[in-house]
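A structural walkthrough
Below, each chain spelled out in residue letters.
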Amino acid sequence: MKNKHNDGLNRRDFLSKASLAFGSIMIVPRHVLGGKRPDGSSYLAPSDVLNLGFIGTGKQGRGLSNSFLSTGQVRISAISEVYQAKANLFLDRVKENYAKNPTWGAYSTIPVYQDYRELLASKNVDAVVIATPDHWHAAMAVRAAEAGKDIYCEKPLSLTVKEGRAMVNAARKHKRVFQTGSMQRSWPEFRQAVELIRNGYIGEIKSIKVNVGPPPEAYRLPAQSIPEGLDFEKWLGPNEAVAFNSELAPPITQDVFPNWRKYKEFGGGGMTDWGAHMFDIVQWALDMDQSGPVKVSAPNGKDQPYLTYTYANGITMTHQTWEWNSGVEFVGTEGTLRSARKKLETSKPELKDRVIGPNEKHVYKSENHYIDFIQAIRNRTMPICDVEVGHRTASVCNIGNIAYAVNKSLEWNPKTEKFNDAEANALLGRKLNKTWGIKL
């Protein structure tokens, strides 16, 4: 998809583009047509600033608040958090940013909700940022779409394939702009890698190696006392009850990413945590954003030592350890290419800085994942990592975890999103409780 951004859209152009992207029925947020942008200013007029509601204010949420506020185009108008200490720390960080731009108002006016549904009901929230543990993503995103909010949701997009499809369906039904937090798509080294591959600079791709962490394990941690200020029932949300352990929600004195992602009840292990980044680059490079592999096979300890995916064109992709941690290697008929954060290496050194010509193949260009989302909201166009894209990448991760779990070679149909195996198909969704769950 070519970049459709145009900061100078007039009303007629805006309505035309919106109709093309999302259908003939649309809701125009007040901030799209209101306010003027002062010449020479990095900030918009107060009437043209986007109101964001943050759902989840832990380590990742705090980082995202800085990223969004640094654009100068948003204010944070509400937050939802089930752990009071984390909400307080988040507000302290936001206060520092607000002091730099008084037009946003006092940070103390930001309401804090334990129940995110109250945030979704607020007319003072245009879009939401979902930065909760993975087991909450689908239920929150579906309800956000139903509430008419545009959505930025952290990767991996979903804990199961069926939950991811529910997120896509809700976004489409309610014509919501939805950005997946796979920000590597807005980084130059990965865009360069993708365009080199798409333009055949290393020939026809034959095989790919992805180095990310292992699949998840069952949650069996010992029970600990629930800390004061944490509503653990709401933290669990749609999940069945388990005993609390601080590995799930560490105190703010520990500035770490929590380990809930290691356990299958809440996350997908390294396969989805880092896999949502690195398998995403593979999907992008192979132009598979609307599809995926057709087979995934568990390692058998013999002729197939690694989890192996196969695409319909015969390209194979293995999940294996090699010297680049959290990296991907493409092997083509005319060379190799390796890519990781801040790293790009090719068997032909001159390709690293090769300028892709105007008449060659180009992918959607975003230089800032957060501005890209904001512009997509204003223009009512799809952002660089739309919900379908995020769902397809998460599906690659999730079907790999399923193959590990059932220890089989499985055929996968990316159109029907089903396996040729009943045991594997039973793992495409999960049981969600009636209070917080959604219908899958």
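Before reading on, note that the structure itself is shown above.
What this report covers is the structure whose coordinates are included nearby. (Residues numbered from 1 in each chain as written. Predicted model: local features only at pLDDT ≥ 70, side-chain atom pairs only at ≥ 80, totals over all residues. Heavy atoms only, no water.)

1. With respect to the overall build of the protein chain
- Within the protein chain one finds 14 helices and 15 strands.
- Burial analysis of the protein chain (440 residues in total) assigns 57% to the buried set.
- Considering only intrachain contacts with a sequence separation of at least 6, the fraction spanning at least 24 residues in the protein chain is 72%.
- Put simply, the protein chain shows about 19,100 Å² of open surface, and 49% of that area lies on carbon and sulfur atoms. (Helix = DSSP H or I, 4+ residues; strand = E, 2+ residues; numbered from the N terminus. Buried < 20%, exposed > 50% of the residue type's maximum accessible area, 1.4 Å probe, protein only. Contact = heavy atoms within 4.5 Å. Areas by Shrake-Rupley, 256 points an atom, 1.4 Å probe, with all protein chains shown as cover.)

2. Some remarks on the pattern of salt bridges
- Throughout the structure, instances matching the rule amount to 27 salt bridges.
- Its salt-bridge partner being Arg-198, residue Asp-287 comes within 3.6 Å of it at the nearest N-O pair. Remark: Arg-198 occurs in helix α8 (residues 188-198) and Asp-287 occurs in the loop between α11 (275-285) and β8 (295-297); sequence separation between them is 89 residues.
- By relative accessible area, which is 53% here, Asp-287 ends up exposed.
- It is possible to trace a salt-bridge network through shared partners that takes in Arg-165, Glu-388, Arg-392 and Glu-417. (Salt bridge = Lys/Arg side-chain N within 4 Å of Asp/Glu carboxyl O.)

3. Comments concerning the packing of aromatic side chains
- Taken as a whole, this structure holds 19 aromatic pairs when the rule is applied.
- Seen from their ring centres, Tyr-152 and Phe-373 are 5.7 Å apart, and the 65° between their planes marks the pair as edge-to-face. Placement of Tyr-152 in strand β5 (residues 150-153) and of Phe-373 in helix α12 (residues 369-379) is noted, with a sequence separation of 221 residues between them. For the residue pair Tyr-152 and Phe-373, the accessibility class agrees, reading buried in each case.
- Joined through ring pairs, the aromatic side chains of Phe-54, Phe-68, Phe-90, Tyr-152, Tyr-370 and Phe-373 make up one cluster.
- The ring of Trp-187 has Lys-342 sitting right over it, with the charged end atom 4.8 Å from the ring centre.
- The lysine or arginine in question, Lys-343, covers the ring of Trp-324, its NZ or CZ lying 4.0 Å from the ring centre. (Phe/Tyr/Trp six-rings, centres within 6.5 Å; stacked < 30°, edge-to-face > 60°. Lys NZ or Arg CZ within 6 Å of the ring centre and 35° of its normal.)

4. Things to note about the environment of Trp-412
- Of note, Trp-412 is situated in strand β14 (residues 409-413).
- Classification of Trp-412 by relative accessible area gives buried; the value is 6%.
- For the pair Trp-412 and Tyr-311, spaced 101 residues apart in sequence, the C-alpha separation works out to 9.8 Å.
- Excluding anything up to four places from it in sequence, Trp-412 contacts Val-161, Pro-293, Val-294, Lys-295, Ile-399, Glu-417, Lys-418, Phe-419 and Leu-428.

5. Some thoughts on the sheet that holds β8
- Pairing is mixed across the open sheet formed by nine strands, whose spatial order is β13-β12-β11-β7-β10-β9-β8-β14-β15. What marks the edges here is a single partner per strand, and that holds for β13 (343-346) and β15 (418-419).
- Summarising the sheet, strand β9 (residues 307-310) and strand β10 (residues 316-319) pair through four bridges and their orientation is antiparallel. In the strand pairing of β10, Thr-308 is matched with Thr-318.
- Packed onto the sheet, α8 meets β7 (205-211), β11 (327-332), β12 (335-340) and β13 and runs at close to 160° relative to β12. (Pairing = 2+ DSSP bridges. Axes fitted to C-alpha atoms, helices over the stretch in contact; angles between N-to-C directions.)

6. Topic: the environment of Val-112
- Relative to the assigned elements, Val-112 resides in strand β3 (residues 112-113).
- In the structure, Val-112 is positioned 30 residues away from Val-82 in sequence and 9.5 Å away in space, judged by C-alpha atoms.

7. What to know about the side chain of Arg-392
- Within the secondary structure, Arg-392 sits in helix α13 (residues 387-406).
- Polar contacts involving the side chain of Arg-392 include one to the main-chain carbonyl oxygen of Gln-290, which spans 3.2 Å.
- Discounting residues that sit within four places of it in the chain, Arg-392 has contacts with Arg-165, Gln-283, Asp-289, Gln-290, Ser-291, Pro-414 and Glu-417. (Polar contact = N/O pair within 3.5 Å; in protein donor to acceptor, adjacent residues only side chain to side chain.)

8. Quick look at the packing of helix α6 (residues 137-146) against helix α7 (residues 161-173)
- With their axes 9 Å apart at the nearest point, α6 and α7 run at an angle of 10° to one another. Between α6 and α7, the interaxial angle falls into the category roughly parallel. Taken together, the residues of α7 that come into contact with α6 (itself represented by His-137, Ala-138, Ala-141, Val-142 and Ala-145) are Glu-163, Ala-166, Met-167, Ala-170 and Ala-171.
- Residues that form the contact of α6 with α7 fall into these classes: eight nonpolar, one polar and one charged. (Parallel < 35°, antiparallel > 145°, perpendicular 65-115°, else oblique. Nonpolar A, V, L, I, M, F, W, Y, C, P; charged D, E, K, R; others polar.)

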